[in-house]
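# Structural overview for review
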Amino acid sequence: MAVPLFDTATALEPLRDRLDEALLRVARDGRFVLGPEVHAFEEELAAWLGARHAIGVANGTEAITIALRALGVGPGDEVVVPSFTFWASAEAIPPTGAVPVFCDVDPDTMCVTAETVAAAVTPRTKAIIAVHLFGNVAPIAAIRERTGLPVLEDAAQAAGSTLRDGDGTVARPGTMGDVATFSFYPSKNLGAFGDGGAITTSDDAIAERVRTLRFHGSADKVDYVEIGYNSRLDEVQAAILRVLLPSLESWATHRHRVDARYRAAGLGELVTLPEAAPGSAPAWHLYVVRTEEPDALATGLGARGVGARGYYRTPVHRQPPMAAFQAGGLADLPVTDELARTHVALPISATMTERQIGEVVDGVAAVLAGR
Ligand SMILES: *Cc1c(COP(=O)(O)O)cnc(C)c1O
């Protein structure tokens, strides 16, 4: 593929020796679960984000379930979640005993807004999951202000994004809500060599409950205070992530610049481009544009060696397993349906070249002209 949809390997090349060394260090040390690497990575991630606590867990899906439990979510509760997101954002709710209630998103940012969330809130709503979709930044402060409810940031796609507020303070996803979750699945902006995740918070009580929940609901494997999980980030993944974390800033900056290069090259005259939330510098995880015949564009690009695909063609609330939670009928989410129908992801990576960007734009122009 001349321009792959994503490329996680090229960025690792300059770090190969240090990655090999990290793998050997863990193998020799012989401590594989909750040892020094996880401890160090948790401190380094928290410091990098500007959060008080980061707690490693097994993956980004369990991170959401555990974070919801730590917010006190349980049977009888509702959790508001967008439907235009990766399935796991909502799949993580039922294991708490709570029910997902789906909300719509903004067509330009593709993220939830205070209004779309508020429209789904009921007296049973216990928490909101705001997804920083594709690396864009959801308006967490506005959602908290409008609803007065705890907000969980699903930051699985937003490692490295930033938000500058009115007085110039820069904040990162992972520090804006009551609690936040990350995935280190290999294709994410900060990807490990297997599954991994983290929960971040600046609330000491939430952090303590998360640490207990990830370890069978126990502090010491002698006394058990609640039904928990076996959900830990392992030492190998933590050691890898420690090598990668110092590069995240420059990778994120490059992802952000690719968007500017696409714009300068005229991509916005061919398809509808994503809009960064006000004040945000998204580290675009996926570069998702809209067009009337997205699958035909993806097929045409594929034939030219350019990777492209739709991700969420059937939105989460329309997937059969979610029907059970919408007994009163499927939620009416017109923007979600429209985005599901028209979106398509174009290539983006931390190492994408000027030439590759040009190939994508030329490819889109040629495929659309030949339609
Ligand atoms: C990847 C992802 C998750 C789940 O992360 P895993 O580590 O794969 O379990 C959750 N939410 C969003 C938005 C994601 O992109």
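Above: the structure in question.
Residues numbered from 1 in each chain as written. Predicted model: local features only at pLDDT ≥ 70, side-chain atom pairs only at ≥ 80, totals over all residues. Heavy atoms only, no water.

Because an α-helix completes one turn every 3.6 residues, residues spaced three or four positions apart along the sequence face the same direction. Considered for burial, the residues of helix α7 (residues 204-213) that qualify are Ile206, Ala207, Val210, Thr212 and Leu213. Its buried side turned inward, α7 meets β1 (53-57), α3 (60-70), β8 (179-183) and β9 (197-201). The distance from a side-chain oxygen at the start of α7 to the backbone nitrogen of Ala205 is 2.9 Å, and the residue carrying that oxygen is Asp203. (Buried < 20%, exposed > 50% of the residue type's maximum accessible area, 1.4 Å probe, protein only. Helix = DSSP H or I, 4+ residues; strand = E, 2+ residues; numbered from the N terminus. Contact = heavy atoms within 4.5 Å. Polar contact = N/O pair within 3.5 Å; in protein donor to acceptor, adjacent residues only side chain to side chain.)

As a further point, take the site of the ligand. Around the ligand, the surrounding shell holds 14 residues, and the nearest of these are Gly60, Thr61, Asp154, Ser183 and Lys188. The contact in question runs from an oxygen atom of the ligand to an N or O atom on the side chain of Thr61, over 2.5 Å. Side-chain polar atom of Gln157 to an oxygen atom of the ligand: 2.8 Å apart, as the coordinates give it. For the ligand, whose accessible area on its own is 380 Å², the fraction buried by protein is 92%. Its atoms largely coinciding with the cavity grid, the ligand occupies the largest pocket. Sorting the residues of the shell around the ligand by element identifies α3 and α4 (88-91) as the ones contributing at least two each. When the residues that make up the shell around the ligand are grouped by side-chain class, the tally is four nonpolar, eight polar and two charged. (Near = heavy atom within 4 Å. Areas by Shrake-Rupley, 256 points an atom, 1.4 Å probe, with all protein chains shown as cover. 1 Å grid on protein atoms, 1.4 Å probe; cavity = no way out; pocket = protein on both sides within 12 Å on 5 of 7 lines; lining within 4 Å. Sits in = over half its atoms within 2 Å of the grid points. Nonpolar A, V, L, I, M, F, W, Y, C, P; charged D, E, K, R; others polar.)

This brings us to the packing of aromatic side chains. To describe a pair of aromatic rings, one takes the distance between the centres and the angle between the planes. Applying the stated criterion across every chain yields a total of seven aromatic pairs. Both rings, one in Phe41 and one in Phe184, keep their centres 5.5 Å apart while their planes meet at 80 degrees; by these two values the pair is edge-to-face. In this pair, Phe41 is assigned in helix α2 (residues 36-49) and Phe184 in the loop between β8 and β9, connecting sequence segments 143 residues apart. Here Phe41 falls in the buried class, since its relative accessible area comes to 1%. For Phe184, a relative accessible area of 1% translates into the label buried. For the pair Phe84 and Tyr312, a centre-to-centre distance of 5.6 Å together with 85 degrees between the ring planes defines the contact as edge-to-face. Of this pair, Phe84 sits in the loop between β2 (78-82) and α4 while Tyr312 is found in the loop between α9 (294-303) and α10 (334-342), placing the two residues 228 residues apart along the sequence. The two residues Phe84 and Tyr312 agree in class, both being buried. Linked through ring pairs, Phe84, Phe134, Tyr311 and Tyr312 together constitute an aromatic cluster. (Phe/Tyr/Trp six-rings, centres within 6.5 Å; stacked < 30°, edge-to-face > 60°.)

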